[in-house]
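# Structure assessment
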Amino acid sequence: MDVKMKGPSFRGLTFMLAVAFLVWSSSSEGCHGRATGKHWRQNREALPALSSKKGKTHNHGGAHKGNHHGGASKTKPPSRKMPKPDVPRSPPPQKGSRSSTFNVLDFGARGDGKTDDTKAFQDTWTATCKVTASTFIVPSKYVFLVGPISFSGPYCQPNIVFQLDGKIIAPTDFKVWGRGLFQWLQFTKLMGLNIQGNGTIDGRGSVWWQVSPFDDTIDHEFKLLIPLNSSVQEKPPAPARSELVGKMPRIKPTALRFYGSFNVTVTGITIQNSPQCHLKFDNCIGVLVHDFSVSSPSDSPNTDGIHLQNSKDVLIHNTTLSCGDDCISIQTGCSNVYVQNINCGPGHGISIGSLGKDNTKACVSNITVRDVIMHNTMNGVRIKTWQGGLGVVQGVLFSNIQVSEVKIPIVIDQFYCDKETCSNQTSAVALSGINYERIRGTYTVKPVQFACSDNLPCTDISLTAIDLKPLQELYHLYGAFCWQTFGELRTPTVPPIDCLQIGKPSTNKIQNDFDSCGV
């Protein structure tokens, strides 16, 4: 009995010990495995985080400065905000980058005012053009020498912002211009373009003005300005000659031109010293200009401030224009133009025309110019057309114009001529529905000059609350002048404008011209 009892007990004890060893061994290996697995999973999770941060930082051009001890980095992720326009420099966007801002410095521009940065600007535009609502950055504190350039569509994406906070200057080397160009900086066939900032475009036009001052057209109203001493110089003294005389081309460029574009905006910037026109819109629909300025000397020839041609749906407001020609010039093909809150002077005033040159047809309609201050300008508000032209100007309002030392505040001239003599012709651009109201201030030559066509008189001319007083200075003073001008005086005027013929002319030939313009 005793022997039989010992056998099973020994075998059971052995079995129990074996089971215990296996359990201990399995438990020990399992803890090590979990520890190893946990550590591996932490590393696997950390790697994508580091990779993601490196990728984001790389896209923004910065170097990674994260934790190198294997844990999660405490460095904040880079901001997704667009860089400010005045950031001096950042590395150029890498292939595959989603950046929507393009700084000219990143494309090789030096910005020292001496190095030719034209190619850098062109390359920057090529990149900007491909991205919708992208921003072309011209940073502050730099001066960029840029030659003639075209920022063109029509394959560019819409709503591009041209952020101009630095300064762009034109070359004065005549070799850059060849035989001459009609524009310096040109934007063509774009949609939703916005040029903004507090920067400057400097055309450095003095080298052009000095080279061929007498090749420029003269303003017809100069013939009306007779000095008190009755001495009129046949030709003013020539300016000081320079080494560029005879080398600069005769065709003088416009500083900034828009062509064939939709919904374009110019705001904040300054254009100065353009060789010719400062800002031009040609064949554009939807134009907005505000908080903009032009600055050029009063004797700079043909330097219109803003020039509109074949453009419609235009709003210009809160703008200061000082130049050597018309502050604003409205040419053929313009309609639905609204101009308000303008400071004009020096210059030649605000003009519609000249229209109908070389027997061409001109169509201008629905123009409003109001709340304007003019100081020391040749004209105030003016309409000028050539003999022999065709077409119609109709639906014009000049309202609340304050003039100070303006030679002739109100002008209609259908005998416009920019040469010494022009031949008489019978056809003319028809003028009808021209309204003047609340035009006040001082003049130095005459208050009103209405010179209309013999064959096609001006009709529906209205005058309301006109109060113009003489300021005796350098010229003879004249009373109001009217020729073939028909309309009404809605209130008494100062001075009396008795020369206006009340009613309509006996023969009215205007309707055919209205029809030709689709009015």
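In this text, all values refer to a predicted model and were calculated from it rather than measured experimentally. (Residues numbered from 1 in each chain as written. Predicted model: local features only at pLDDT ≥ 70, side-chain atom pairs only at ≥ 80, totals over all residues. Heavy atoms only, no water.)

### Some points on the state of the cysteines
Here the structure, examined in full by the defined rule, presents six disulfides. There is a disulfide in this structure between Cys417 and Cys422, and the S-S distance comes to 1.8 Å. Disulfide Cys417 to Cys422: torsion about the S-S bond roughly 75°, handedness right-handed. The disulfide that involves Cys452 links it to Cys458, with 2.0 Å between the sulfurs. Judged by the sign of its S-S torsion, about -100°, the bond between Cys452 and Cys458 is left-handed. The pair Cys452 / Cys458 is uniform in exposure class, with both members buried. With no disulfide of its own, Cys323 lies 4.5 Å from the sulfur of Cys327, the closest cysteine sulfur. (Disulfide = S-S within 2.5 Å. Buried < 20%, exposed > 50% of the residue type's maximum accessible area, 1.4 Å probe, protein only.)

### What about the packing of aromatic side chains?
In the structure shown here, the tally under the stated rule is 17 aromatic pairs. Look at Phe121 and Phe136: their rings are 5.7 Å apart centre to centre, the planes differ by 55°, and that puts the pair in the tilted class. Placement of the pair is Phe121 in helix 2 (residues 118-128) and Phe136 in strand 3 (residues 135-138), with a sequence separation of 15 residues. Summarising the burial analysis for this pair, Phe121 and Phe136 share the class buried. Geometrically, the ring pair formed by Tyr436 and Phe450 is tilted, given 5.8 Å between the ring centres and 45° between the ring planes. Remark: Phe450 occurs in strand 26 (residues 448-451) and Tyr436 occurs in strand 25 (residues 430-443); sequence separation between them is 14 residues. Across the pair, Phe450 and Tyr436 agree in class, each one buried. (Phe/Tyr/Trp six-rings, centres within 6.5 Å; stacked < 30°, edge-to-face > 60°. Helix = DSSP H or I, 4+ residues; strand = E, 2+ residues; numbered from the N terminus.)

### Structural notes on a nonpolar patch on the surface
There is a patch of nonpolar side chains on the surface, built from Met191, Phe262 and Ile285 and spanning about 270 Å² of accessible area. Turning to its location among the elements, Ile285 is positioned in strand 15 (residues 285-295). Residue class for Ile285 comes out partly exposed when judged on its relative accessible area of 31%. (Patch = residues over 30% accessible without salt bridge, like charges linked within 9 Å, V, L, I, M, F, W, Y side chains within 5 Å. Areas by Shrake-Rupley, 256 points an atom, 1.4 Å probe, with all protein chains shown as cover. Salt bridge = Lys/Arg side-chain N within 4 Å of Asp/Glu carboxyl O.)

### Quick word on the side chain of Asn379
In this fold, Asn379 is placed in strand 22 (residues 379-385). Polar side-chain contacts of Asn379 include one of 3.5 Å to the backbone oxygen of His348. (Polar contact = N/O pair within 3.5 Å; in protein donor to acceptor, adjacent residues only side chain to side chain.)

### Some words on the confidence of the model for the protein chain
It should be kept in mind that the predicted coordinates are not to be read in detail where pLDDT is low. In this model, the protein chain carries a mean pLDDT of 80, and residues with pLDDT of at least 70 account for 72%. Taken together, the stretch residues 1-97 has pLDDT below 50 and engages in 47 contacts with residues farther than four places along the chain or on a different chain. Contacts from residues 226-245, a stretch scored under 50 in pLDDT, to residues over four places away or in other chains number 27 contacts. (pLDDT = per-residue confidence, 0-100. Contact = heavy atoms within 4.5 Å.)

### A closer look at the sheet that holds strand 14 (residues 279-282)
The strands making up a sheet are joined through hydrogen bonds of the backbone, oriented either antiparallel or parallel. Read from one edge of the open sheet, eleven strands run 5-8-11-14-16-18-20-22-24-26-28, paired in parallel fashion. The sheet is open, and its two edges are formed by strand 5 (149-152) and strand 28 (481-483), each paired on a single side. The sheet shows a mean angle of 15° between the axes of neighbouring strands, direction not considered. Pairing between strand 20 (residues 350-355) and strand 22: four bridges, direction parallel. Counted as the bridge partner of Ser351 is Arg382 from strand 22. Each of strand 5 and strand 8 (183-188) touches helix 2; the most contacted strand, strand 5, lies at about 5° to it. (Pairing = 2+ DSSP bridges. Axes fitted to C-alpha atoms, helices over the stretch in contact; angles between N-to-C directions.)

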